[in-house]
Amino acid sequence: MPFVTASDGTEIFYKDWGTGRPVMFHHGWPLSSDDWDAQLLFLVRRGYRVIAHDRRGHGRSDQVGHGHDMDHYAADAAAVVAHLGLRDVVHVGHSTGGGEVARYIARHGAGRVAKAVLIGAVPPLMVRTEANPGGLPVEVFDDFREAVATNRSQFYLDLASGPFYGFNRPGADISQGVIQNWWRQGMAGGAQAHYEGIEAFSETDFTDDLRAIDVPTLIMHGDDDQIVPIADSAEMAVTLVENARLKVYPGLSHGMCTVNADTVNADLLDFLES
């Protein structure tokens with residue numbers, strides 16, 4: 001399997017399919033590059049080169065005991081880009097991966113990035129602070145940490161069965177296959193990486209990173225996202241990125257890339273070709 005060695009020796013797994021214009025995908029917590037299957041197959045069949053990696057401690061990448069923070073995540077992404085010699089890349093990030101995209105572009109993307117897409121993304125800042133009064137209380141993330149530490153398997157099953165895909169909403173079209181695939185991806189990663197990654201996605205302030213993005217950016221967000229509420233994420237992020245457009249999806253969940261893949265893929269393709 002293809003791996004690249006990060007600067008601290010961590011082995012990062014990646015997929016690299018197709019031969020056209022490169023589009024690189026950054027997955028959410030606590031999943032892996034497999035969460036992008038619907039987008040990878042869609043775009044590679046339309047002549048694009050698609051790249052997706054497993055974040056350190058996630059999926060097939062090394063379950064190291066260090067570096068579970070946004071600076072390392074962005075540097076690992078940069079290692080994949082450098083290893084493959086990618087330029088003129090469109091970077092697409094979902095949830096935590098949206099934060100990774102913002103930090104990557106700000107720290108490592110000069111001269112290599114063509115466009116950016118943030119989907120259900122965590123920036124600018126999830127946790128409530130004096131400067132971010134609309135954020136979620138830290139106790140929400142403390143509960144996540146406790147659940148990961150005490151019964152990660154059941155927590156992941158409950159998250160996928162409920163708010164992640166909106167399967168807890170009346171009349172939801174529940175897919176057991178989607179639930180089981182989310183659980184499979186989560187349990188393939190390391191508990192320590194997932195535990196420490198909660199701080200990375202919830203307490204990292206991406207305000208300056210968003211201001212540093214200087215390429216056309218599409219922000220996509222469901223207005224029924226129960227994991228990353230739109231009011232304190234996408235609606236703020238679009239005011240910080242100079243050349244950004246926000247598209248709101250009525251009634252869609254945090255997991256819209258999977259359960260509403262046709263809608264997401266069509267809009268993603270339109271943006272790539274614009």
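Before reading on, note that the structure itself is shown above.
Residues numbered from 1 in each chain as written. Predicted model: local features only at pLDDT ≥ 70, side-chain atom pairs only at ≥ 80, totals over all residues. Heavy atoms only, no water.

The subject of this paragraph is the overall build of the protein chain. Of the regular secondary structure elements, the protein chain holds ten helices and eight strands. Taking 274 residues into account, the globule formula puts the C-alpha radius of gyration at 19 Å, and the protein chain, at 17 Å, falls close to it. Taken over the C-alpha atoms alone, the protein chain extends approximately 40 × 40 × 40 Å along its principal axes. When each of the 274 residues of the protein chain is scored for burial, the buried share is 57%. By sequence separation, contacts in the protein chain at least 24 residues apart represent 77% of the contacts at least 6 residues apart. Of the roughly 10800 Å² of accessible surface on the protein chain, 49% is carried by carbon and sulfur atoms. Charged side chains of the protein chain number 21 positive and 37 negative; the gap between the two group centres comes to 7 Å. (Helix = DSSP H or I, 4+ residues; strand = E, 2+ residues; numbered from the N terminus. Rg over C-alpha atoms; globule rule 2.2 N^0.38 Å. Buried < 20%, exposed > 50% of the residue type's maximum accessible area, 1.4 Å probe, protein only. Contact = heavy atoms within 4.5 Å. Areas by Shrake-Rupley, 256 points an atom, 1.4 Å probe, with all protein chains shown as cover. Lys, Arg positive; Asp, Glu negative; His and termini not counted. Charge placed at Lys NZ, Arg CZ, Asp CG, Glu CD.)

Mapped onto the elements, His91 comes out in strand β5 (residues 89-94). Within the local environment of His91, its side chain forms a polar contact with the side chain of His26, the two groups lying 2.9 Å apart. If sequence neighbours within four positions are ignored, His91 has contacts with Met24, His26, Val81, Val101, Tyr104, Val113, Lys115, Ala116 and Val117. (Polar contact = N/O pair within 3.5 Å; in protein donor to acceptor, adjacent residues only side chain to side chain.)

Along the chain, Val122 turns up in the loop between β6 (113-119) and α4 (138-161). Given the relative accessible area of 1%, Val122 is considered buried. Look past the residues within four positions of Val122 in its chain and what remains in contact with it is Ser95, Thr96, Gly99, Phe201, Phe206, Val228 and Ser233.

If you check α4, its first and last C-alpha atoms are just 23 Å apart, much less than what 24 residues at 1.5 Å a residue would give, namely 34 Å. Asn151 marks where α4 bends most, by close to 125 degrees. Buried residues of α4: Phe141, Phe144, Arg145, Ala147, Val148, Arg152, Phe155, Tyr156, Leu159 and Ala160, and no others. The elements touched by buried residues of α4 are α5 (176-188) and α6 (191-203). (Expected span 1.5 Å × (residues − 1). Bend = angle between axes of the 7 residues up to and from the residue.)

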